[in-house]
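Fold and contact review
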Amino acid sequence: MGMKTIDFTPQGTCATKIKVVINDEDIVEDIEFTRGCDGNHKGIISLCRGMKADDVVTRLKGIKCGFRDTSCPDQLARAIEGR
């Protein structure tokens, strides 16, 4: 089974890097965040692993963090959307 790895530099979040692995069936296999809220990232990863990539984008795109216009979930959606 083939895998595609996305290395993404998020903008406007505490996380400084997002790595996403998607298999050839468009299923999210793994996600890694560098920096940011460890517990929240673990929750996001656990919920998104095994999901269709497009479903992750649909669910997470547009989520805001406090006063910011984006969030780590939104940036993850943007990373996947840009694949």
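This text goes with the structure placed above it.
What counts and how
The numbers attached to residues start from 1 for each chain and follow its sequence in the written order. Selection of residues for local features in this predicted model requires a pLDDT of at least 70, selection of side-chain atom pairs for listing and counting requires 80 or more, and totals for whole chains, interfaces and linings are taken over all residues. Excluded from the side-chain calculations are hydrogens and water; all other atoms, namely the structure's heavy atoms, are used. In DSSP terms, a helix is any run of H or I states spanning at least four residues, a strand is any run of E spanning at least two, and both are numbered starting from the N terminus. The size measure is the radius of gyration over C-alpha atoms, and the globule rule it meets is 2.2 Å times the number of residues to the 0.38 power. Buried, partly exposed and exposed residues are distinguished by accessible area as a fraction of the type maximum, computed with a 1.4 Å probe on protein chains only: under 20%, between the cut-offs, and over 50%, respectively. When checking whether two residues touch, look at their non-hydrogen atoms; a contact exists if any pair is within 4.5 Å. Positive charge is attributed to Lys and Arg, negative charge to Asp and Glu, and no charge count is given to His or to the chain ends. Each charge is placed at NZ for Lys, CZ for Arg, CG for Asp and CD for Glu. The criterion is simple. A nonpolar core is a set of buried Ala, Val, Leu, Ile, Met, Phe, Trp, Tyr and Cys residues joined through side-chain atoms within 4.5 Å. Two strands pair if DSSP finds at least two bridges between them. Axis definition: a line fitted to C-alpha atoms, limited for helices to the stretch in contact. Angles are taken between N-to-C directions and run from 0 to 180 degrees.

This brings us to the overall build of the protein. Summing up its helical and strand segments, the protein has three helices and three strands in all. Listing every helix and strand of the protein by position from the N terminus yields β-β-β-α-α-α. Whereas a compact globule of 83 residues would reach a radius of gyration of roughly 12 Å, the protein reaches 12 Å, a difference of no more than 12%. With the C-alpha coordinates aligned to their principal axes, the bounding extent of the protein is approximately 40 × 20 × 20 Å. When the 83 residues of the protein are sorted by exposure, 39% land in the buried category. Within the protein, contacts between residues at least 6 apart in sequence are counted, and of these 37% link residues at least 24 apart. Charge-centre separation for the protein: the mean point of 13 positive side chains lies 6 Å from the mean point of 13 negative side chains.

Once that is clear, we can look at the nonpolar core. The biggest cluster of nonpolar side chains holds 21 residues, and the ones touching the most others in it are V20, V28, I31, F33, V56, L76 and I80. Elements with a minimum of two residues in this core: strand 2 (17-23), strand 3 (28-34), helix 1 (38-48), helix 2 (53-60) and helix 3 (72-81). Sort the elements by how many residues they give to this core and helix 3 lands first, with five residues. Sequence-distant contacts of I31, defined by excluding residues within four places in its chain, comprise I18, K19, V20, I45, C48 and L76.

Examined bridge by bridge, strand 2 and strand 3 share six bridges and lie antiparallel to one another. Counted as the bridge partner of I18 is F33 from strand 3. Here strand 2 folds back onto strand 3, and the loop between the two strands holds four residues, one of which, D26, carries a positive phi near 65 degrees.

Strand order in the open sheet made by the three strands is 1-2-3, with antiparallel pairing throughout. Each end of this open sheet is capped by a strand with a single partner; those strands are strand 1 (3-8) and strand 3. Direction aside, neighbouring strands of the sheet carry axes that sit 10 degrees apart on average. Bridge analysis of strand 1 against strand 2 gives six bridges, and the strand direction is antiparallel. Each residue of the ladder has a partner; that of T5, found in strand 2, is V21.

Everything listed here is a matter of coordinates, which is why it stays silent on function.
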